[in-house]
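This is what each chain is made of:
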Amino acid sequence: VQLQASGGGLVQAGDSLRLSCVASGGTFSGYTVGWFRQAPGKEREVVAAIGWSGGTTNYADSVKGRFTISRDNANTPVYPQMNTLKPEDTAVYYCGTGPRWERSSAVAVGTVSSWGPGTLVTVSS
């Protein structure tokens with residue numbers, strides 16, 4: 001199943017954004033979900049991930065304490081909340097499904113089989 005991210009935009013440092021992720025050609029049912037970002041000239045990285053039931057989460061060190069990811073159950077979309085944004089958070093953000101019926105730690109860039117369009121987040125200083 002391919003996921004499409006939306007909700008990005010231009011914000012100032014310290015602002016918040018809530019992104020959303022919808023499924024195309026399938027459902028979220030049972031999938032782990034990851035949020036990824038790719039800044040210009042850098043590799044795509046995992047920002048946050050959530051397990052299939054929502055019971056486990058993982059965050060990159062750079063966003064811990066500022067970003068949260070949640071889901072109501074195995075079938076619902078995922079909504080990452082980004083607080084206290086910094087200029088270094090500027091990137092194109094993507095969501096993608098990882099393995100099914102797994103914990104959040106199973107999510108990696110290499111586990112996403114199909115990438116949808118991302119959403120650009122630009123944080124000005």
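**Some thoughts on the sheet that holds strand β3 (residues 17–18)**
Two strands in a sheet stick together by hydrogen bonds in their backbones, pointing the same way (parallel) or opposite ways (antiparallel). With antiparallel pairing, three strands are arranged side by side in an open sheet as β3-β9-β8. Here the strands that pair on one side only, and so sit at the sheet edges, are β3 and β8 (67–68).

**A few points about the packing of aromatic side chains**
In the structure shown here, the tally under the stated rule is three aromatic pairs. Judged by centre distance (5.1 Å) and plane angle (75°), the ring pair of W52 and W101 falls under edge-to-face. On the criterion of sequence distance, the pair formed by W52 in the loop between β6 (45–50) and β7 (57–59) and W101 in the loop between β10 (91–100) and β11 (119–124) is long-range, its members being 49 residues apart. For W52, a relative accessible area of 32% gives the class partly exposed. Considering the side-chain rings of Y94 and W115, the 5.9 Å spacing of their centres and the 75° angle between planes classify their relative orientation as edge-to-face. Taken together, the positions of Y94 in strand β10 and W115 in the loop between β10 and β11 put the pair 21 residues apart, joining distant regions of the chain. By relative accessible area, which is 28% here, W115 ends up partly exposed. Here the aromatic residues F36, Y94 and W115 are joined through ring pairs into a cluster of three or more. Here R44 stacks its cationic end above the ring of W115, 4.4 Å away from the centre of that ring.

**What about empty space enclosed by the protein?**
All told, the structure shown has one cavity of 30 Å³ or more when counted by the stated rule. Taken as a whole, the largest cavity spans an internal volume of roughly 40 Å³. As for the largest cavity, its lining consists of L19, W35, V47, A48, F67, T68, P80, M82 and Y93. Elements represented by at least two residues in the lining of the largest cavity include exactly β6 and β8. Looking at the lining of the largest cavity residue by residue, the class counts come to eight nonpolar, one polar and no charged.

**A look at the state of the cysteines**
In protein structure, a disulfide is the covalent linkage between the sulfur atoms of two cysteines. A full pass over the atoms with the stated rule returns one disulfide. In this model, C21 is linked to C95 through a disulfide, with the two sulfur atoms separated by 2.2 Å. Taking the torsion about the S-S bond as the criterion, the C21 to C95 disulfide, at about 95°, is right-handed. Placement of C21 in strand β4 (residues 20–24) and of C95 in strand β10 is noted, with a sequence separation of 74 residues between them.

**Considerations on the pattern of salt bridges**
Close approach of charged atoms allows side chains of opposite charge to pair. As enumerated under the stated definition, the model contains four salt bridges in all. Of the charged contacts in the structure, one is a salt bridge between D89 and R37, with a shortest N-O distance of 2.9 Å. With D89 in the loop between β9 (81–82) and β10 and R37 in strand β5 (residues 31–38), this residue pair connects regions lying 52 residues apart in the sequence. Each member of the pair, D89 as well as R37, is classed as buried. Among the salt bridges present, the one from D89 reaches R66, with a minimum N-O distance of 2.7 Å. Of the two residues, D89 sits in the loop between β9 and β10 while R66 sits in the loop between β7 and β8, which places them 23 residues apart along the sequence. R66 carries the same exposure label as D89, and that label is buried. Residues participating in the shared-partner salt-bridge network are R37, E45, R66 and D89.

Here is what the cut-offs are and how they apply
- Residues numbered from 1 in each chain as written.
- Predicted model: local features only at pLDDT ≥ 70, side-chain atom pairs only at ≥ 80, totals over all residues.
- Heavy atoms only, no water.
- Pairing = 2+ DSSP bridges.
- Helix = DSSP H or I, 4+ residues; strand = E, 2+ residues; numbered from the N terminus.
- Phe/Tyr/Trp six-rings, centres within 6.5 Å; stacked < 30°, edge-to-face > 60°.
- Buried < 20%, exposed > 50% of the residue type's maximum accessible area, 1.4 Å probe, protein only.
- Lys NZ or Arg CZ within 6 Å of the ring centre and 35° of its normal.
- 1 Å grid on protein atoms, 1.4 Å probe; cavity = no way out; pocket = protein on both sides within 12 Å on 5 of 7 lines; lining within 4 Å.
- Points joined across faces, edges and corners; volume = space filled by probe spheres on them.
- Nonpolar A, V, L, I, M, F, W, Y, C, P; charged D, E, K, R; others polar.
- Disulfide = S-S within 2.5 Å.
- Salt bridge = Lys/Arg side-chain N within 4 Å of Asp/Glu carboxyl O.

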